[in-house]
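Here is how the chains run, residue by residue.
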Amino acid sequence: MKYLILCLLSLPLLSVAETTDIYQPRIKVAGLEQSENISRRYGSWGIGVAQQAQDNLSGRTALNISARWFAGERWYLLGTAQYAPFNRDEIRNGSGQVLLESGEQANVLAGGAGYAFLQGTASLNGHMSYPWQVAVEGLLGEQYTGDSSGRYSGLAFSWQLLGDDYWLATEWRTYQSDDSRLDKLNVNKGVQWGISFGSYF
Amino acid sequence: MLVLGNLWRPLTFKLSRLLYITTFCMICAPSWAQQEQLYLRKGPGSSFPVIFEVSSTEQLQPLYLQGEWLLLSNGRRQGWLPVREVPESSGLSRAQLWYLNDALRPGDWHVQGGWNSETALQVGISYPLDRYRLAARYTRSDAGEQAWQSAELGFEHLFSRYSGWSLQGFAGLGLGLNEEGSRRWDEQGRETSTAIFTLSGDVIWPLETRLDLRLRLQASQALGADQSAHTAIALIWNLSL
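This one's a predicted model, so the numbers in the text were calculated from it and none came from an experiment. As a convention, each chain's residues are numbered from 1 in the sequence order in which they are written. Key to labels: chains lettered from A, ligands numbered from 1, both in the order written. For a predicted model such as this one, the threshold for reporting local features is a pLDDT of at least 70, and the threshold for listing and counting side-chain atom pairs is 80 or more; totals across whole chains, interfaces and linings nevertheless cover every residue. The basis for every side-chain value is the complete set of heavy atoms in the structure, and neither hydrogens nor water enter the calculation.

Draft legend 1. Just unusual backbone geometry, in detail. Positive phi is not limited to glycine here, since B:Asp130 has a value of about 55°. Note on B:Asp130: relative accessible area 79%, which makes it exposed. The buried label applies to any residue whose accessible area, calculated with a 1.4 Å probe on protein chains only, is under 20% of its type's maximum; exposed applies above 50%, and partly exposed to all values in between.

Following this line, the structure appears as structure tokens:
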């Protein structure tokens, strides 16, 4: 009984505590609720293979990875790394000096910009269609061939089929390196064509 | 009286029907007038074809934001719409609309890269400080045996803005490094370093909201070494992060 009386006596105190005039703001958190979240795409990445046709050397297959950062509706920044065998046989000059060792690798690190100058849709079965774009890409970087290196520059045309979650692209690229060792042997220029596949980030 | 009564009944019926229709139109017309058609496209760009249209009051679910384009779904189909055309009545919350508009705003940081007529690669970064931008630039040329590099810190200022282009200037101090074999700051081709003062002017053409192309005319004066001056023209891509 006495506990009941104590509880009844303490009730007004509790209600006073609730109606205090000290301002107690509700904490609000800026940003989106979990259910309101909107995913954002900044760019795309991908892997690919390419067939290279090098002046004065036999053709070879290259592997590459690439990333594109969307700078707007049509422009994007581009970074790529490529790994490829360069030559099979050793090349010597008239006096027997080795100019190109056998089995050298040509690895390229390059960056640049791309501009999608054509955009449209393509349908494979008449029911579903996919957006595509054709872009011109300029690349500048470094080609490391064996023990030497030189500035790498390239101009590419890329046809990109843009799925909701994945993309597929074919590319044709002409390139050259100003590596003086390769330049003297006239093996510093070529073209490549390839196919890439990737997703978005 | 009987004749009048027979005429009065259809007349009042027609009048009441007319009244109902007029009232209905007066209530509904404003909401019809507020409705617009939204044209959703197959891809995130104005060149992709329109694939379907919906009313601006239809409830839409945002899926992805890419650049200035938002992928929306009405539950049956999905298409891309420019963020600026997303209506307040589309079912997106105020927080989502605020987020989308904020995402369109170019950031304060600028990064840039390009190359110049001295076959040198230029990269830079800048950040706004009041009316000026604090800018750091790095240039490197390694063509053959003529390798040199320079780093500068200075201020950029936007002088004038026109409808399709604008003009910006830069003044900065930095350090130039002449590697062995290069005659840029030493006629004997010795390895040396010198303080440099650089002035440049940019003609800026906006390409996208976040990207612009700049034609840069620049002159740098060595304050030490052989005190030589060099001028160059550069093509620079500048991106707002």
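Draft legend 2. Looking closely at a nonpolar patch on the surface. All names here are of chain B. Taken together, the side chains of Trp-109, Ile-125, Tyr-127, Leu-129, Tyr-132, Leu-134, Leu-153, Phe-155 and Leu-241 present a nonpolar region at the surface, about 820 Å² in accessible area. Only strand S7 (121-129), strand S8 (132-141) and strand S9 (148-161) provide two or more residues apiece to the nonpolar patch. The greatest single-element share of the nonpolar patch, amounting to three residues, is contributed by S7. Helix and strand definitions here come from DSSP, where helices need a minimum of 4 consecutive H or I residues and strands a minimum of 2 consecutive E residues; each element is numbered from the N-terminal end. Here Leu-153 shows up in strand S9. Residues qualify for a patch when their relative accessible area is over 30% and they have no salt bridge, like charges being joined within 9 Å and the nonpolar side chains of Val, Leu, Ile, Met, Phe, Trp and Tyr within 5 Å. Using a 1.4 Å probe, the Shrake-Rupley method yields the accessible areas, and only the shown protein chains count as cover for residues. We count a salt bridge whenever a side-chain nitrogen from Lys or Arg sits within 4 Å of a carboxyl oxygen from Asp or Glu.

Draft legend 3. Region of the structure containing the nonpolar core. Definition of nonpolar core: a set of buried residues of the types Ala, Val, Leu, Ile, Met, Phe, Trp, Tyr and Cys, connected through side-chain atoms within 4.5 Å. Among the nonpolar cores identified, the biggest contains 17 residues, and B:Leu65, B:Leu70, B:Leu72, B:Leu92 and B:Leu100 are the most heavily contacted of them. Counting only elements with at least two residues in this core, the list comes to strand S1 (37-41), strand S2 (50-55), strand S4 (69-73) and helix H2 (94-104) of chain B. The element best represented in this core is H2(B), accounting for four residues. By definition, residues are in contact when any of their heavy atoms lie within 4.5 Å. If sequence neighbours within four positions are ignored, B:Leu92 has contacts with B:Leu60, B:Pro62, B:Leu70, B:Leu72, B:Val86, B:Leu97 and B:Leu100. Listed in part, the 15 residues of the second largest apolar core include A:Phe70, A:Leu162, A:Ala169 and A:Tyr200.

Draft legend 4. The arrangement of the environment of B:Arg133 in detail. All names here are of chain B. One can find Arg-133 in strand S8. Overall, the relative accessible area of 14% leaves Arg-133 in the buried class. If sequence neighbours within four positions are ignored, Arg-133 has contacts with Asp-108, Trp-109, His-110, Ser-126, Tyr-127, Pro-128, Gly-154, Phe-155 and Glu-156.

Draft legend 5. Representation of the packing of aromatic side chains. Each Phe, Tyr or Trp ring, with Trp reduced to its six-membered ring, pairs with another whose centre is within 6.5 Å; inter-plane angles below 30 degrees give stacked pairs, above 60 give edge-to-face pairs, and intermediate values give tilted ones. Following the criterion strictly, the structure yields ten aromatic pairs over all chains and no others. Centroid distance B:Trp148 to B:Trp185: 5.7 Å. Interplanar angle 80°. Geometry classified as edge-to-face. Of this pair, B:Trp148 sits in strand S9 while B:Trp185 is found in the loop between strand S10 (166-178) and strand S11 (192-206), placing the two residues 37 residues apart along the sequence. Both residues of the pair, B:Trp148 and B:Trp185, count as buried. Working rule: Lys NZ or Arg CZ, within 6 Å of ring centre, within 35 degrees of ring normal, means a charge sits over the ring. Just above the ring of B:Tyr64 sits the side chain of A:Arg41; from NZ or CZ to the centre is 4.1 Å. A cation over a ring is seen here: A:Arg68 above A:Trp167, with NZ or CZ 5.3 Å from the ring centre.

Draft legend 6. Examining the interface of chain A and chain B more closely. Taken together, the contacts link 30 residues of chain A with 35 residues of chain B. Looking only at chain A, the three residues that lose the most surface to chain B are A:Ile38, A:Arg41 and A:Glu73, adding up to 23% of its buried area. Applying the counting rule to chain A against chain B returns zero salt bridges. Any N or O atom pair separated by 3.5 Å or less is treated as a polar contact, with the protein-specific requirement of one donor-capable and one acceptor-capable atom, and with residues adjacent in sequence counted only for side-chain atom pairs. Taken together, chain A and chain B are joined by twelve residue pairs in polar contact (both at pLDDT 80 or more). Listed by contribution, the elements that provide at least two residues to the side of chain A that touches chain B are strand S1 (39-41), strand S3 (60-70), strand S4 (75-85), strand S7 (105-123), strand S8 (129-145) and strand S9 (148-162) of chain A. Examining the composition of the side of chain A that touches chain B, we find that seven residues originate from one element, S8(A), more than from any other. Residues are grouped as follows: Ala, Val, Leu, Ile, Met, Phe, Trp, Tyr, Cys and Pro are nonpolar; Asp, Glu, Lys and Arg are charged; all remaining types, including Gly, are polar. Of the residues that constitute the side of chain A that touches chain B, the class distribution is 13 nonpolar, eight polar and nine charged. Criterion used throughout: strands pair if DSSP finds at least two bridges between them. Direction of pairing for S1(A) relative to strand S3 (residues 61-66) of chain B: parallel, over a ladder of three bridges. Bridging across to S3(B), A:Arg41 finds its partner in B:Gln66. The quantity reported as buried area is the accessible area (1.4 Å probe) lost by two parts once they are put together, taken as the sum for both.

Draft legend 7. Just the sheet that holds strand S12 (residues 211-222) of chain B, in detail. Judged by pairing direction, the barrel is antiparallel, and its eight strands sit side by side in the order S6-S7-S8-S9-S10-S11-S12-S13 (chain B) before closing back on the first. Within the sheet, the average angular offset between the axes of one strand and its neighbour, ignoring direction, is 25°. Interaxial angle, 0 to 180 degrees, is taken between N-to-C directions of lines fitted to C-alpha atoms, where a helix line uses only the stretch in contact.

Draft legend 8. Region of interest: the sheet that holds S4(A). All names here are of chain A. As summarised here, the arrangement of the eight strands in space is S2-S3-S4-S7-S8-S9-S10-S11, forming a closed barrel in which the pairing is antiparallel. Within this sheet the neighbouring strands show an average axis-to-axis angle of 25°, counted without direction. Here S8 pairs with S9 via 14 bridges, running antiparallel. Residue Ala-135 lies in a different strand from S9, and its bridge partner there is Ser-158.

Draft legend 9. Inspection of empty space enclosed by the protein at higher detail. Points on a 1 Å grid over protein atoms alone make up a cavity when a 1.4 Å probe fits among them but cannot get out, and a pocket when they form an open set with protein on both sides within 12 Å along at least five of seven lines; lining residues each have an atom within 4 Å of a point. Grid points are joined across faces, edges and corners, and a volume is the space filled by probe spheres set on the points. Taken as a whole, this structure holds three cavities of 30 Å³ or more when the rule is applied. In this model, the largest cavity occupies a volume close to 130 Å³. Those elements giving two or more residues to the lining of the largest cavity turn out to be strand S2 (43-54), S3, S4, S8, strand S10 (166-177) and strand S11 (189-200) of chain A. Sort the elements by how many residues they give to the lining of the largest cavity and S10(A) lands first, with four residues. Considered class by class, the residues forming the lining of the largest cavity number seven nonpolar, seven polar and four charged. Lining the second largest cavity are 17 residues, and of these B:Ser150, B:Glu152, B:Arg184, B:Gln218 and B:Ser220 lie nearest its centre. Secondary structure elements with two or more residues in the lining of the second largest cavity: S9, S11, S12 and strand S13 (229-240) of chain B. Of the residues contributing to the lining of the second largest cavity, the split by class is five nonpolar, nine polar and three charged.

Draft legend 10. Structural detail: the pattern of salt bridges. Residues and elements named next belong to chain B. The full count for this structure, using the stated rule, is 13 salt bridges over all chains. Here Glu-68 makes a salt bridge to Arg-84, at a shortest N to O gap of 3.4 Å. Of this pair, Glu-68 sits in the loop between S3 and S4 while Arg-84 sits in the loop between strand S5 (78-82) and H2, and the two are 16 residues apart along the sequence. We classify Glu-68 as partly exposed; its relative accessible area is 25%. Among the residues examined, Arg-84 registers a relative accessible area of 58% and is labelled exposed. Because the salt bridges share partners, they merge into one network encompassing Asp-202, Asp-212, Arg-214 and Arg-216.

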